[in-house]
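# Secondary and tertiary structure notes
Read off the chains here:
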Amino acid sequence: MSKIAYDYMESYIRSKIADHGGILKELEEYAKENSVPIIHKEVANFLDLMINIIKPKKILELGTAIGYSAILMHEKSQENTKITTIERDEKMIKIAKTNIEKCGLNKDIQILEGDCLDILKSMEVENLKYDLIFMDAGKGHYNEFFPHCLNLLTEDGVIIGDNVLFRGMVASNDLVIRRKITIVKRMRKYIDMISNEKKFTTSIIPMGDGIAVTKRRREHE
Ligand code: SAM
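Just so it is clear, the structure is predicted and the values come from calculations on it, not from any experiment.

## Comments concerning the UniProt feature "binding site: S-adenosyl-L-methionine" (unreviewed entry) in the chain
In this numbering, the UniProt entry assigns the feature "binding site: S-adenosyl-L-methionine" (unreviewed entry) to Ile39, Ser69, Glu87 and Asp136. As for its position among the elements, serine 69 is in helix α4 (residues 68-76). Look past the residues within four positions of serine 69 in its chain and what remains in contact with it is Ile39, Glu61 and Phe134. Residues within four places of glutamate 87 in sequence aside, it is in contact with Gly63, Thr64, Ala65, Met92, Ile93, Ile111, Leu112, Glu113 and Gly114.

## Quick look at the nonpolar core
The biggest cluster of nonpolar side chains holds 35 residues, and the ones touching the most others in it are Ile39, Ile66, Tyr68, Ile71 and Ile160. Those elements giving two or more residues to this core turn out to be α2 (22-33), α3 (41-54), α4, α5 (90-102), β3 (109-113), β4 (130-135), β5 (153-162) and β7 (211-216). With 6 residues, α3 is the single largest residue contributor to this core. In contact with tyrosine 68, not counting residues within four places along its chain, are His20, Leu24, Leu27, Glu28, Ile38, Ile39 and Ala44. Listed in part, the 34 residues of the second largest apolar core include Leu62, Phe146, Ile159 and Ile194.

## Focus on the pattern of salt bridges
Summed over the entire model, instances satisfying the criterion amount to 11 salt bridges. Its salt-bridge partner being glutamate 113, residue lysine 97 comes within 2.6 Å of it at the nearest N-O pair. Here lysine 97 is found in helix α5, whereas its partner glutamate 113 is found in strand β3, with 16 residues between them in sequence. Judged by relative accessible area, lysine 97 falls into the partly exposed class, the value being 41%. Owing to a relative accessible area of 47%, glutamate 113 belongs among the partly exposed residues under this scheme. One salt bridge in this structure joins aspartate 156 and arginine 218, with 2.4 Å as the shortest N-O distance. Taken together, the residues aspartate 156 in strand β5 and arginine 218 in the segment after β7 connect sequence positions 62 residues apart. The exposure class of aspartate 156 is partly exposed, given its relative accessible area of 36%. Looking at arginine 218, the relative accessible area reads 37%, which means it is partly exposed. Through salt bridges with shared partners, a single ionic network connects Glu10, Arg14 and Glu42.

Parameters and conventions
- Residues numbered from 1 in each chain as written.
- Predicted model: local features only at pLDDT ≥ 70, side-chain atom pairs only at ≥ 80, totals over all residues.
- Heavy atoms only, no water.
- UniProt positions renumbered as here; feature names shortened; annotations may be inferred.
- Helix = DSSP H or I, 4+ residues; strand = E, 2+ residues; numbered from the N terminus.
- Contact = heavy atoms within 4.5 Å.
- Core = buried A, V, L, I, M, F, W, Y, C linked by side-chain atoms within 4.5 Å.
- Buried < 20%, exposed > 50% of the residue type's maximum accessible area, 1.4 Å probe, protein only.
- Salt bridge = Lys/Arg side-chain N within 4 Å of Asp/Glu carboxyl O.

And the structure:
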């Protein structure tokens, strides 16, 4: 399992979350068969909750893959919510486009093709703003993405980073695999940055592969 929560705990929590039907189920099966990493069931459930609380009108996602989380977030959002999602892998882009089209969501989910960092920079120039930013691409680069994401975030917006505990390696040296050490070191830096900066409040939740939820503090807080 994930090496983040006890297996029995994860199984119990997952058993309490209703299974998806329709296209989401199909995409979950495709992801499993083709080893495409998509968000864990409990993270999907958490995004549903956050969307219900934040009621975002605009969502930015880093890392589209086959479009699963973008389609899920759209399904959980209010009708007029627009989602922009960034992906650089051509094969993934093609599959995601087909899936988004199949759901009739071409107008609501836009894929920006290219590297997250380049695209985030160009979005900043356009002064675009998002109520929710979901980081799920380039685990070793959250540090670099974060300042740009902050500039793209509305005053009360929320940034959710997935995989921040990275199979437990971020929290324990005993679990670190040598070839993943760079990602682990960078992710630790990211967590230090969002945890120590007084301008933000962050909660790290041992769910899925670990998620970090960050929000800007208001002046008086
Ligand atoms: N959010 C998706 C879901 O749950 O359905 C899964 C995203 S998958 C974990 C990460 C994706 O990010 C991969 O498809 C990968 O090609 C893409 N990616 C990784 N680094 C990237 C980068 N620097 N710029 C753009 N895409 C990137």
